[in-house]
Amino acid sequence: MNKRPRSIYHKLLAATLFISGTLPLASPVFAEGTAAGTAISNTANATYENPNAPGTTINTTSNTVNVTVAEVAGITISSSGVTNVSGGSVKVGDQLNYTYTVTNVGNDPTRFRIPNLAAVTGPATVSGSLSISTDGGKTWTPITGTEVITNSVPAGGSILVQVPITVAAGAKANDVISVKLGDTPGDAQNQLRNPNG
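As the structure is a computational prediction, the values presented were derived from the model and not from experiment. (Residues numbered from 1 in each chain as written. Predicted model: local features only at pLDDT ≥ 70, side-chain atom pairs only at ≥ 80, totals over all residues. Heavy atoms only, no water.)

### Remarks on the overall build of the chain
Each helix and strand counted, the chain has one helix and 14 strands in total. The proportion of buried residues among the 197 residues of the chain is 24%. Accessible surface for the chain amounts to roughly 13,200 Å². Of this, 54% is attributable to carbon and sulfur atoms. (Helix = DSSP H or I, 4+ residues; strand = E, 2+ residues; numbered from the N terminus. Buried < 20%, exposed > 50% of the residue type's maximum accessible area, 1.4 Å probe, protein only. Areas by Shrake-Rupley, 256 points an atom, 1.4 Å probe, with all protein chains shown as cover.)

### Considering the environment of isoleucine 165
When you line up the elements, isoleucine 165 lands in strand β13 (residues 158-167). Once the C-alpha coordinates of isoleucine 165 and threonine 125 are considered, the two residues, 40 residues apart in sequence, prove to be 5.3 Å apart. Setting aside residues up to four positions removed in sequence, isoleucine 165 forms contacts with Asp94, Gln95, Leu96, Tyr98, Val120, Ala124, Thr125, Val126, Ser127, Ile177 and Val179. (Contact = heavy atoms within 4.5 Å.)

### Details of the side chain of aspartate 94
Note that aspartate 94 resides in the loop between β5 (75-84) and β6 (95-104). A polar side-chain atom of aspartate 94 sits 3.4 Å from a polar atom in the side chain of serine 86. If sequence neighbours within four positions are ignored, aspartate 94 has contacts with Asn84, Ser86, Ser89, Ile165, Thr166 and Val167. (Polar contact = N/O pair within 3.5 Å; in protein donor to acceptor, adjacent residues only side chain to side chain.)

### Things to note about the confidence of the model for the chain
For the chain, per-residue confidence averages 80 on the pLDDT scale, and residues scoring 70 or more make up 76% of the total. A low-confidence stretch, residues 8-31 stays under pLDDT 50, and its non-local contacts, those more than four residues away or across chains, total 12 contacts. (pLDDT = per-residue confidence, 0-100.)

### Brief notes about unusual backbone geometry
Its identity is not glycine, yet asparagine 174 carries a phi of approximately 75 degrees, on the positive side. Topologically, asparagine 174 is positioned in the loop between β13 and β14 (178-180).

### Quick word on the pairing of strand β3 (residues 57-61)
Buried residues are scarce in β3, accounting for zero of its five residues. Bridge count for strand β2 (residues 45-49) against β3 is five bridges, and the pairing is antiparallel. Opposite alanine 46, over in β3, you have threonine 60 as the bridge partner. (Pairing = 2+ DSSP bridges.)

### Digging into the side chain of glutamine 162
Tracing the sequence through the fold places glutamine 162 in strand β13. If sequence neighbours within four positions are ignored, glutamine 162 has contacts with Asn97, Tyr98, Thr99, Leu130, Ser131 and Trp140.

### Comments concerning the pattern of salt bridges
Oppositely charged side chains can form a pair if their charged atoms are brought close together. Taken as a whole and judged by the stated rule, the model has two salt bridges. For the salt bridge of glutamate 147 with arginine 113, the shortest nitrogen-to-oxygen distance reads 2.6 Å. A residue pair is termed long-range when its members are at least 10 positions apart, and glutamate 147 in strand β12 (residues 147-149) and arginine 113 in strand β7 (residues 113-115) qualify at 34 residues. (Salt bridge = Lys/Arg side-chain N within 4 Å of Asp/Glu carboxyl O.)

Here it is, written out as structure tokens:
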């Protein structure tokens with residue numbers, strides 16, 4: 001029995017496995033910070049020794065793999081503080097402005113749908129329309145309808161949303177007033193838009 005061909009096949013198999021082991025496996029493309037629509041190409045090069053002619057190197061180049069970065073949408077909402085319009089300590093009848101930063105954490109420009117709606121718990125009620133600011137809080141635009149759809153916000157960009165509330169009668173020291181902007185069940189990720197705000 002001739003063992004040489006089997007030995008050659010083992011060496012070729014080892015070379016193939018070595019080359020395969022150095023190439024990335026096919027998987028979803030996650031290019032953090034890379035804009036949607038960006039084309040990425042990759043070519044792998046390998047050099048190995050010819051098992052039939054020791055000392056003779058063989059160079060090989062893979063096919064070029066082209067991938068286009070997909071558009072990934074995402075937003076985060078974070079609290080940016082509370083101000084008392086009247087100043088001083090908080091008392092019954094005072095208007096408090098709860099401010100939130102809404103940030104585009106996706107990789108493509110997007111528009112935000114901001115409902116004129118927020119939920120309040122504790123001794124207070126929403127008092128008037130919510131407002132948005134696209135210039136870092138220098139100017140505020142009230143939401144006059146049930147919602148506003150913003151202009152395009154670049155990836156990494158943000159807007160501010162302000163919720164005005166009035167402290168209700170019967171509020172006492174150390175009462176907690178909470179305001180919730182948006183409705184993501186359990187703060188979970190990848191949720192569909194909720195039409196009720």
